[in-house]
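Chain and residue survey
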Amino acid sequence: MKKIAIWTLIIISFSGCENNDNTVELMLQNINFEFIGRNPFNPLSTEDIVPGNYVISNQSEWNALLSKIDTYNSISQAFTTTTIDFNTYQIIAVFDQIRSSVGRTIDVTEIVENQNNITVTVITGGSLGAINVTVQPFHIIKMPISQKPIVFQ
C-alpha cells in the first residue's frame, strides 16, 4: 500500500518587484492514494479494456469495470479491496494497450493537487520479456474524492 503525504510550498517572486504584492503563491500537495490492484503477470489476464485513464466516481461504474476485469478470470479477487465508499473516495484506473510480453508495466506514481486541478503521473515501462504472451497492463488505486478536474501526464 503506497501512501504519500508531503506539503510543498513554492513562492515565485517576480523580478524587479519591490514589495510582496506581486508574489504568487502556489500550493502543491501530494495526495494520499492506496493501491487496489494491478494486472498479474498471467497469460490469461487480457482484459481487453480500451486503453486509457479512467476516473470512477460511483458504484455502477466500478461494478462495470470489475465485471469487465473478471470476464475471463477472477482477477479482482486479488485486489486489496473491491468495496469503495464513493462518498469519500474515487478510483483511478489506468490501462495500457494489449501487449505481447509479460515484462510491460503501467503505474500511477504520483498524484499532486494544485490550485486548479489534480495531476496524476502515469509511467509505462518494463522490458520486453522473453515470454511471448498477451497481457494488458493496468494499475488501479483509490484516492480521496475531489471536485477538481483530474489531468493525467
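Refer to the structure printed above.
Now for a quick tour of the structure. Treat the numbers as computed from the prediction; the structure is a model and nothing was measured. (Residues numbered from 1 in each chain as written. Predicted model: local features only at pLDDT ≥ 70, side-chain atom pairs only at ≥ 80, totals over all residues. Heavy atoms only, no water.)

1. Some remarks on the pattern of salt bridges
Tallied over the full model, the rule gives two salt bridges. Residue Asp107 pairs with Arg38 through a salt bridge whose shortest N-O separation is 2.1 Å. Here the residue Asp107 occupies a position in strand β6 (residues 104-113), and Arg38 occupies one in strand β3 (residues 34-38), the gap between them amounting to 69 residues. Judged by its relative accessible area of 35%, Arg38 falls in the partly exposed class. The closest approach of N and O atoms between Lys148 and Glu113, which form a salt bridge, is 3.0 Å. Of this pair, Lys148 sits in the loop between β8 (138-144) and β9 (150-152) while Glu113 is found in strand β6, placing the two residues 35 residues apart along the sequence. (Salt bridge = Lys/Arg side-chain N within 4 Å of Asp/Glu carboxyl O. Helix = DSSP H or I, 4+ residues; strand = E, 2+ residues; numbered from the N terminus. Buried < 20%, exposed > 50% of the residue type's maximum accessible area, 1.4 Å probe, protein only.)

2. So, the packing of aromatic side chains
In the structure shown here, the tally under the stated rule is three aromatic pairs. Between Tyr54 and Phe95 the ring centres are 5.9 Å apart and the planes differ by 80 degrees, which places this aromatic pair in the edge-to-face class. Of the two residues, Tyr54 is situated in strand β4 (residues 52-56) and Phe95 in strand β5 (residues 89-95); the sequence distance between them amounts to 41 residues. With 6.2 Å between their ring centres and 70 degrees between their planes, Phe79 and Phe138 make a pair best called edge-to-face. (Phe/Tyr/Trp six-rings, centres within 6.5 Å; stacked < 30°, edge-to-face > 60°.)

3. With respect to the nonpolar core
Ranked by internal contacts, the top residues of the largest apolar core, which has 16 residues, are Trp62, Leu65, Ile69, Phe79, Ile91 and Ile140. Contributing elements (two or more residues each) for this core: α1 (59-69), β5 and β8. Broken down by element, this core gets its largest block of residues, four residues, from α1. Among the nonpolar cores identified, the runner-up in size contains twelve residues, and Ile31, Ile92, Val108 and Val122 belong to it. (Core = buried A, V, L, I, M, F, W, Y, C linked by side-chain atoms within 4.5 Å.)

4. Quick notes on the environment of Leu65
Following the sequence through the fold, Leu65 ends up in helix α1. Leu65 sits in the buried class, given a relative accessible area of 10%. Considering only alpha carbons, one finds Leu65 and Tyr54, eleven residues apart in sequence, at a separation of 9.9 Å. Beyond its immediate sequence surroundings of up to four residues, Leu65 is in contact with Ile49, Ile56, Ala93, Phe95 and Ile140. (Contact = heavy atoms within 4.5 Å.)

5. Concerning α1
Of the residues making up α1, those classed as buried are Trp62, Leu65, Leu66 and Ile69. Buried residues of α1 fall within an arc of 100 degrees about the axis and therefore sit on the same side. On the buried face of α1, the contacting elements are β3, β4, β5 and β8. (Arc of directions from axis to C-beta.)

6. Focus: the pairing of β6
Two elements, β6 and strand β7 (residues 118-126), share nine bridges in a ladder whose sense is antiparallel. Residue pairing for β7: Val112 is matched across the bridge by Thr119. (Pairing = 2+ DSSP bridges.)

7. Section: the environment of Asn30
Along the chain, Asn30 falls in strand β2 (residues 24-30). Taking the C-alpha atoms as reference points, Asn30 and Glu113, 83 residues apart in sequence, are found 6.3 Å from one another.

8. Side note on the sheet that holds β3
Spatially, the four strands line up as an open sheet ordered β3-β8-β5-β4, and their pairing is antiparallel. The open sheet has two edge strands, β3 and β4, and neither has a second partner. In this sheet, adjacent strand axes meet at a mean angle of 20 degrees when their direction is disregarded. The pairing of β4 with β5 spans five bridges and is antiparallel. Bridge assignment links Asn53 to a residue of β5, and that residue is Val94. (Axes fitted to C-alpha atoms, helices over the stretch in contact; angles between N-to-C directions.)

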